[in-house]
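Listed below, chain by chain, are the residues.
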Amino acid sequence: MYTMGIDVGSASSKVVILKDGKDIVAAEVVQVGTGSTGPQRALEQAYKASGLTREDISFVVATGYGRFAFTDADKQISEISCHAKGIYYLVPTARTIIDIGGQDAKAIRLDDKGGIKQFFMNDKCAAGTGRFLEVMSRVLETTLDEMAELDAQATDTAPISSTCTVFAESEVISQLSNGESRNNIIKGVHLSVASRACGLAYRGGVEKDVVMTGGVAQNAGVVRAVAGVLKTDVIVAPNPQTTGALGAALFAYEAAQKK
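Residues numbered from 1 in each chain as written. Predicted model: local features only at pLDDT ≥ 70, side-chain atom pairs only at ≥ 80, totals over all residues. Heavy atoms only, no water.

**Observations concerning the packing of helix α3 (residues 130-139) against helix α5 (residues 165-177)**
Closest axis-to-axis distance for the α3/α5 pair is 10 Å, and the angle between their directions is 25 degrees. As judged from the angle between their axes, α3 and α5 are roughly parallel. For the element pair α3 and α5, the recorded crossing hand is right-handed. Of the residues in α5, those touching α3 at F132, V135, M136 and V139 are T165, A168, E169, V172, I173 and L176. Split into classes, the residues belonging to the contact of α3 with α5 amount to eight nonpolar, one polar and one charged. (Axes fitted to C-alpha atoms, helices over the stretch in contact; angles between N-to-C directions. Helix = DSSP H or I, 4+ residues; strand = E, 2+ residues; numbered from the N terminus. Parallel < 35°, antiparallel > 145°, perpendicular 65-115°, else oblique. Left-handed = near helix turned anticlockwise from the far one by under 90°. Contact = heavy atoms within 4.5 Å. Nonpolar A, V, L, I, M, F, W, Y, C, P; charged D, E, K, R; others polar.)

**Concerning the sheet that holds strand β4 (residues 57-63)**
A sheet is described by the order of its strands in space; here five strands give the open sequence β3-β2-β1-β4-β5, paired in mixed fashion. Each having just a single partner strand, β3 (23-30) and β5 (75-76) make up the two edges of the open sheet. Where β4 meets β5, two bridges bridge the pair, whose relative direction is parallel. Residue pairing across strands places A62 opposite Q76, the latter belonging to β5. Lying over the sheet, helix α1 (residues 38-50) contacts β1 (2-8), β2 (13-19), β3 and β4, oriented at roughly 145 degrees with respect to β3. (Pairing = 2+ DSSP bridges.)

**What about the pairing of strand β6 (residues 96-100)?**
Along β6, five of the five residues are buried, which leaves the element largely enclosed by surrounding structure. Of the two faces of β6, the one lined by T96, I98 and I100 and the one lined by I97 and D99 are each fully buried. Relative to strand β7 (residues 105-110), β6 runs antiparallel, the two being bridged by five bridges. The partner of I97 across the bridge, within β7, is I108. Hairpin connection between β6 and β7: a loop of four residues separates the two successive antiparallel strands. Relative to strand β9 (residues 210-213), β6 is paired through four bridges, and the arrangement is parallel. (Buried < 20%, exposed > 50% of the residue type's maximum accessible area, 1.4 Å probe, protein only.)

**Topic: the nonpolar core**
Counting 37 residues, the largest nonpolar core has I98, V189, M212 and V226 as the members making the most contacts within it. Put simply, the parts of the chain that give this core at least two residues each are β6, β7, α3, α4 (144-152), α5, α6 (182-204), β9 and α7 (220-230). Element by element, the count of residues in this core is highest for α6, at nine residues. Once residues lying within four places of it in the same chain are set aside, the contact partners of M212 are I98, I100, A217, V222, V223, V226, V234, I235, V236, A237 and P240. Core analysis: the second largest hydrophobic core is formed by 17 residues, V8, V15, L52 and A73 among them. (Core = buried A, V, L, I, M, F, W, Y, C linked by side-chain atoms within 4.5 Å.)

**What to know about the sheet that holds strand β8 (residues 116-122)**
Strand order in the open sheet formed by five strands is β8-β7-β6-β9-β10, and the pairing between neighbours is mixed. Edge strands, defined here as strands with exactly one partner in the open sheet, are β8 and β10 (234-236). Sheet twist, expressed as the mean angle between neighbouring strand axes with direction ignored, is 20 degrees. Across six bridges, the pairing between β7 and β8 is antiparallel. Within the sheet, the bridge partner assigned to R109 lies in β8 and is Q118.

**Topic: the side chain of H190**
Along the chain, H190 turns up in helix α6. Of the residues examined, H190 reaches a relative accessible area of 0% and is grouped as buried. In this structure the side chain of H190 is engaged in a polar contact, spanning 2.9 Å, whose partner is the side chain of D151. Residues in contact with H190, not counting those within four places in the same chain, are L133, M147, A148, D151, N219, G221, V222 and A225. (Polar contact = N/O pair within 3.5 Å; in protein donor to acceptor, adjacent residues only side chain to side chain.)

**So, the pattern of salt bridges**
Per the counting criterion, the structure on display carries 11 salt bridges. A salt bridge links K85 to E254; its shortest N-O distance comes to 2.4 Å. Remark: E254 occurs in helix α8 (residues 243-258) and K85 occurs in helix α2 (residues 79-90); sequence separation between them is 169 residues. Shared partners join several salt bridges into a network, and the residues in it are R54, D72 and D74. (Salt bridge = Lys/Arg side-chain N within 4 Å of Asp/Glu carboxyl O.)

**Overview of α1**
Helix length check: α1 (13 residues) gives 18 Å between terminal C-alpha atoms against 18 Å at 1.5 Å per residue, within 8%. Burial in α1 covers these residues: G38, P39, A42, L43, A46 and Y47. On an axial view of α1, the arc spanned by its buried residues comes to 165 degrees, and they lie on one face. The secondary structure elements touched by the buried residues of α1 are β1, β2, β3 and β4. Looking at the residues trailing α1, positive phi occurs at G51, about 75 degrees. (Expected span 1.5 Å × (residues − 1). Arc of directions from axis to C-beta.)

The following block contains the structure:
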């Protein structure tokens, strides 16, 4: 039996197809989200990768910011629940999840059975999200992929005190004008993102194991910064952008069994 989870985010679209609730036969990411062709393109890529069609899929669950705009789902489930489900499947020892996406950040506490104990979410401001990093990468004339490498070459951390993306952009421009090292500024940018995410985690209490997910988890500089702020090791989820879609596919399997 095949089930599908589709995570329609603000900045990307992710699809996971599961066989019998355990084997991942497709996991696709398209870097545009709700309101775009991203969801359809991610679906097409997943069908092509798996050799399946919609008729082969027993149940579809949609999650993410744009889940209600995806009309071909059998059910919609919140991204909090789906991230928790996906992470617990991948890392059963996870007790604290830090998810940093394109336009929001979340901290989720799990119990030893994968149930959600608490969660906190920042979705009112782009600071501390992937969008913030995109803005900073343009100002710093680099790419998101290069930022982690440049962070590793920093000799110091240039402080980014502004909590607003617009003001932080001005702050970075000012630091560049004053001759501050670009690498040091990037390290400061990463620390700014990490501090906001860790602030959410501290509100619910941080318990090991700590697992990072979301697109920003692919940035090793931010991961290092989170580990430094929390003073603990941080596990990066396998294929961190697709954990929400994986959780949705797992929920879909449970629902299909009850049909």
